[in-house]
Structure formats: C-alpha cells, structure tokens
Amino acid sequence: MLDKTVPFSNFKMIRRAGTPIPDFPLPEGFRYAFFEEGSEEDWARIETSVDEFDSEFAALLYFKKEFIPYKDELLRRCIFIEDKDGKKVATSTAWWSFVEDERRAWLHRVSVDPAYQGLGLGKSVSAKVTQLLEEIEGDVDFYLSTQTWSYKAINIYKQCGFIPTDEPALYGKKAKKDYKKSLKILKKLGITFP
C-alpha cells in the first residue's frame, strides 16, 4: 500500500540494457496467469486495494482507456499472480509509453493485494514482468515510474536492476527539482543508491 505519511514526489527509474534480471520464484501455492476477458475487474480490485485509485469504478475507467484499445497486446503483457484458489492477488504489466515520440518499454503498475503483501509476491511479479519485457521488447532500456509513497517497492525495483534516472524528458520542466526531492526523501527513509 501507499504510505501517504511520507512526503510525495514522483520518481523515475531505468534498467539499462544488459543488466541481469533476477529470478524470484513464486512461493508455493501461487501461480502466474495472463490477462483474460473479465480480468479487468480483478485488476481494478487490486489497484484500488493499494490506494492507487479511489474506487474500483475509477480503476476500471483507467483500464478501459489505457489498455483495452490494445487488447491483443494486453493478453500477452498483463500478468497476475493467483493464489491456490485462483484468486488474483497481484498484477503488473509489461507496457510501453512514448517519450518525446520515442517508444519506450515500461514496467507498469506493480501491485499486490495488502492481504498478500510480505510474501515476496511483489519481487516475483516485478522480476517476471521485467523478463517478459525483455522477451517482447528485446534487451533494451526499461523504465518505471513510481513515487516516494511507494518507497518499499523501490527496494524491489533495485533488486530487479532498476536505478534512478533524472532524464529530463521523463519529468517535464521540473526534472532536476523532482529528482533531487525524491532522492532526499528516500535517503531519509534509508534508501540509497550507489
């Protein structure tokens, strides 16, 4: 879940081409599943449970706008983790975005239902989607967008080979200011980068 007691700042990370991708196996009793028709409701439930959206309705609207127009891609890029009963409890997507008219690969929307956090599912799904990005996009630079409210997840991203980036095109006009603010907040939380 987001920790909104922490000062907020956007934060971007990059995994450089050639960086090894770790393998974090799923705990016993869990399995991966790709998106299928109807899974958008599970996605909305998971995303809302971690406070990314105020309601499942808002999450569904986002999903329909951002993902449904690319349904064929969604079927091979959106992954869930299911528990032994088939309940979807975590998700992430190997997506893309355009930055200054350049298509870039993104690790997108990593979320784990709070009832299942602390089991290593965030690490597993992050590594799995990073591997999927490499399979689909090739060994290129991958990006992710996060925030200081998600500082616990930033340690997971570090383990998957992501490092901070202050690339101005990713931040807009406030690039250096947002980047420095994020690093300062994260340092106070004990998260540092070499």
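Residues numbered from 1 in each chain as written. Predicted model: local features only at pLDDT ≥ 70, side-chain atom pairs only at ≥ 80, totals over all residues. Heavy atoms only, no water.

Asker: Mind laying out the nonpolar core, listing which residues take part and the relevant values?
Answerer: Tyr157 and Phe162 are the most contacted members of the largest nonpolar core, which has 38 residues in total. The greatest single-element share of this core, amounting to six residues, is contributed by helix α4 (residues 121–137). Apart from the residues within four sequence positions on either side, Tyr157 is in contact with Met13, Leu107, Val110, Ser126, Leu144, Thr146 and Phe162. Phe35, Trp43, Leu60 and Phe67 belong to the second largest nonpolar core, which has 14 residues in total. (Core = buried A, V, L, I, M, F, W, Y, C linked by side-chain atoms within 4.5 Å. Buried < 20%, exposed > 50% of the residue type's maximum accessible area, 1.4 Å probe, protein only. Helix = DSSP H or I, 4+ residues; strand = E, 2+ residues; numbered from the N terminus. Contact = heavy atoms within 4.5 Å.)

Asker: Got a sec to walk through helix α1 (residues 39–49)? Specific residues and values, please.
Answerer: Considered for burial, the residues of α1 that qualify are Ser39, Glu40, Trp43, Ala44, Ile46, Glu47 and Thr48. Of the surrounding elements, those touching the buried residues of α1 are α2 (56–66), β3 (78–82), β4 (88–99) and β5 (102–112). Once α1 ends, the next one or two residues include Asp51, with phi positive near 70°.

Asker: Summarise the pattern of salt bridges; cite the residues concerned and give the values.
Answerer: Where charged atoms from two side chains of opposite charge approach closely, those side chains can pair. In this structure the tally under the stated criterion is 18 salt bridges. Ionic pairing is found between Lys71 and Glu37, a salt bridge with its closest N-O pair at 2.4 Å. Placement of Lys71 in helix α3 (residues 71–77) and of Glu37 in the loop between β2 (31–34) and α1 is noted, with a sequence separation of 34 residues between them. Of the residues examined, Lys71 reaches a relative accessible area of 29% and is grouped as partly exposed. Assessed through its relative accessible area of 60%, Glu37 is described here as exposed. Here Lys65 makes a salt bridge to Glu66, at a shortest N to O gap of 4.0 Å. By relative accessible area, Glu66 is classed as partly exposed at 29%. One network of salt bridges, with partners in common, ties together Glu73, Arg76, Arg77, Arg103 and Glu137. (Salt bridge = Lys/Arg side-chain N within 4 Å of Asp/Glu carboxyl O.)

Asker: Could you give an account of the sheet that holds β5, with specific residues and numbers?
Answerer: Pairing in this open sheet of seven strands is mixed, and the strands run β2-β3-β4-β5-β6-β1-β7 from one edge to the other. In this open sheet, the two edge strands, each paired with only one partner strand, are β2 and β7 (163–164). Sheet topology note: the β2/β3 ladder contains four bridges and is antiparallel. By the bridge assignment for β3, Tyr32 is matched with Ile81. The strands touched by α1 are β3, β4 and β5; relative to β4, the strand with the most contacts, the crossing angle is about 95°. Along the sheet face, helix α5 (residues 151–159) touches β1 (10–15), β5 and β6 (142–147) and points at about 160° away from the line of β6. (Pairing = 2+ DSSP bridges. Axes fitted to C-alpha atoms, helices over the stretch in contact; angles between N-to-C directions.)

Asker: Could you give me a rundown of the packing of aromatic side chains, with the residues and numbers involved?
Answerer: Here the structure, examined in full by the defined rule, presents 18 aromatic pairs. Measuring from centroid to centroid gives 6.0 Å for Phe11 and Phe193, while their planes differ by 35°, and the two rings are tilted. Of the two residues, Phe11 is situated in strand β1 and Phe193 in the segment after α7 (175–188); the sequence distance between them amounts to 182 residues. Ring centres of Trp43 and Phe67 lie 5.8 Å apart, and the angle between their planes is 80°; on these two criteria the pair is classed as edge-to-face. Of this pair, Trp43 sits in helix α1 while Phe67 sits in the loop between α2 and α3, and the two are 24 residues apart along the sequence. Judged by relative accessible area, Trp43 falls into the buried class, the value being 0%. Of the aromatic side chains, those joined through ring pairs into one cluster are Phe35, Trp43, Phe53, Tyr62, Phe63, Phe67, Tyr70, Trp95 and Trp96. Directly above the aromatic system of Tyr171 lies the positively charged group of Lys12, at a separation of 5.5 Å from the ring centroid. Above the face of the Phe24 ring, Lys123 is positioned so that its terminal group lies 4.8 Å from the ring centre. (Phe/Tyr/Trp six-rings, centres within 6.5 Å; stacked < 30°, edge-to-face > 60°. Lys NZ or Arg CZ within 6 Å of the ring centre and 35° of its normal.)

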